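Understanding the architecture of this molecule
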Amino acid sequence: AGGRGGGGSGGPPVRDGSVVAGSAGGADPWIREFVARALHEDVGAGDWTTLWTVPEGDLGRGELMAKEPLRVAGAEVAAAVFRELDPALTVEVRIADGEDARPGEVVMAVEGPSRGVLTGERVALNLLGHLSGIASLTRRFVEAVEGTGARIVDTRKTTPGLRVLEKAAVRAGGGENHRMGLFDMVLIKENHIAAAGGVRAALERATSRNQAGLEVEIEVTNLEELEEALGGGPHRILLDNMPPALMKEAVARADRMSAHRPLLEASGGIDLETAREVAETGVDLISVGALTHSAPSADFSLQLRTSDGGMQGAP
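Residues numbered from 1 in each chain as written. Predicted model: local features only at pLDDT ≥ 70, side-chain atom pairs only at ≥ 80, totals over all residues. Heavy atoms only, no water.

**Description of the side chain of S267**
- Tracing the backbone through its elements, the reader meets S267 in strand β10 (residues 263-267).
- Once you skip the residues sitting within four places of it in the chain, S267 turns out to touch L238, L239, D240, N241 and S287. (Helix = DSSP H or I, 4+ residues; strand = E, 2+ residues; numbered from the N terminus. Contact = heavy atoms within 4.5 Å.)

Below, the structure is given as structure tokens:
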């Protein structure tokens, strides 16, 4: 189940080693379990509409088409929906994750029992639309900062239970993943700082216990906190809600104070209109929660051609 080749983001693997889907031979066990839960949520005791209206043994071909320009993500997960629902269905992914689709292009074709195509279409379309929406928005942010050296990264503002898939969609859009969860990186934020007694105290408490060698990042809101953080030797410093002029000064000050300065990350209310200005301050990373919590779903449709030659759209 391959794509057209080229155009993929080639991003790093998910930090915990999870994979989104396998080849035509099947999906990763986590994905199969996730898909089974999604199908159970939708189908429940049975898809009575399809069972009572579509003759048993009727064969069909469903084509999932893009209805707008978009970056594809979730194609293999959507394919896993049909494969899990009915092994008799044959699925061909024509446009793979990380590739672009034009309006009217067929992203995926499904052939076999018409009942299976119709029962699985909504779960597949929901996943494909949601994840492609994330990838498409990410691509727009990446294009907005192109040439500046700044990289677009996501956050933990994801849908519970969908984080692995949503972060994979960010990579499909050309972005990068921040930490996967609380377990794989230390990010000291304002409440941690307040509870610990200040920036330096929070850094000292975290680094002294960091037996696992995790990356340590700390949030600062002004230049005084920045200087205090630089003295504590974190791997990254998050510049929280700073206006671009202050952010530019923070980058210059960090460059002067440290020969091997930490990565500097901009965060807080950054949108497509402001991303370029923020990137031009010299920051290394721009984290955008909207990639996963506010991306509009991409528009797809499924057209089914039945064995009697009929053609119908899936609502």
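From this point on, the discussion continues.
**Things to note about helix α5 (residues 163-172)**
- With respect to burial, α5 is a largely interior element, nine of its 10 residues being buried.
- Along α5, the residues that are buried comprise V164, L165, E166, K167, A168, A169, V170, R171 and A172.
- Buried positions along α5 lie against α1 (29-43), β2 (70-71), α3 (75-85), α4 (114-144) and α11 (290-293).
- At the exit of α5 stands G174, carrying a positive phi of roughly 95°. (Buried < 20%, exposed > 50% of the residue type's maximum accessible area, 1.4 Å probe, protein only.)

**Comments concerning the sheet that holds strand β11 (residues 285-287)**
- Strand order in this open sheet of six strands is β6-β11-β10-β9-β8-β7, and the pairing throughout is parallel. The strands lining the two open edges of the sheet, one partner per strand, are β6 (151-153) and β7 (186-188). On average, each strand axis in the sheet is inclined to that of its neighbour by 25°, with strand direction left out of account.
- Across five bridges, the pairing between strand β9 (residues 236-240) and β10 is parallel. Considered in β10, the bridge of L239 is made with A266. (Pairing = 2+ DSSP bridges. Axes fitted to C-alpha atoms, helices over the stretch in contact; angles between N-to-C directions.)

**Digging into the nonpolar core**
- Membership of the largest hydrophobic core comes to 82 residues, with the highest contact counts inside it found for F82, M108, I237, L239 and I286.
- Sort the elements by how many residues they give to this core and α4 lands first, with 13 residues.
- Residues within four places of F82 in sequence aside, it is in contact with L64, L89, V91, M108, V110, G116, V117, G120, E121, A124 and L302. (Core = buried A, V, L, I, M, F, W, Y, C linked by side-chain atoms within 4.5 Å.)

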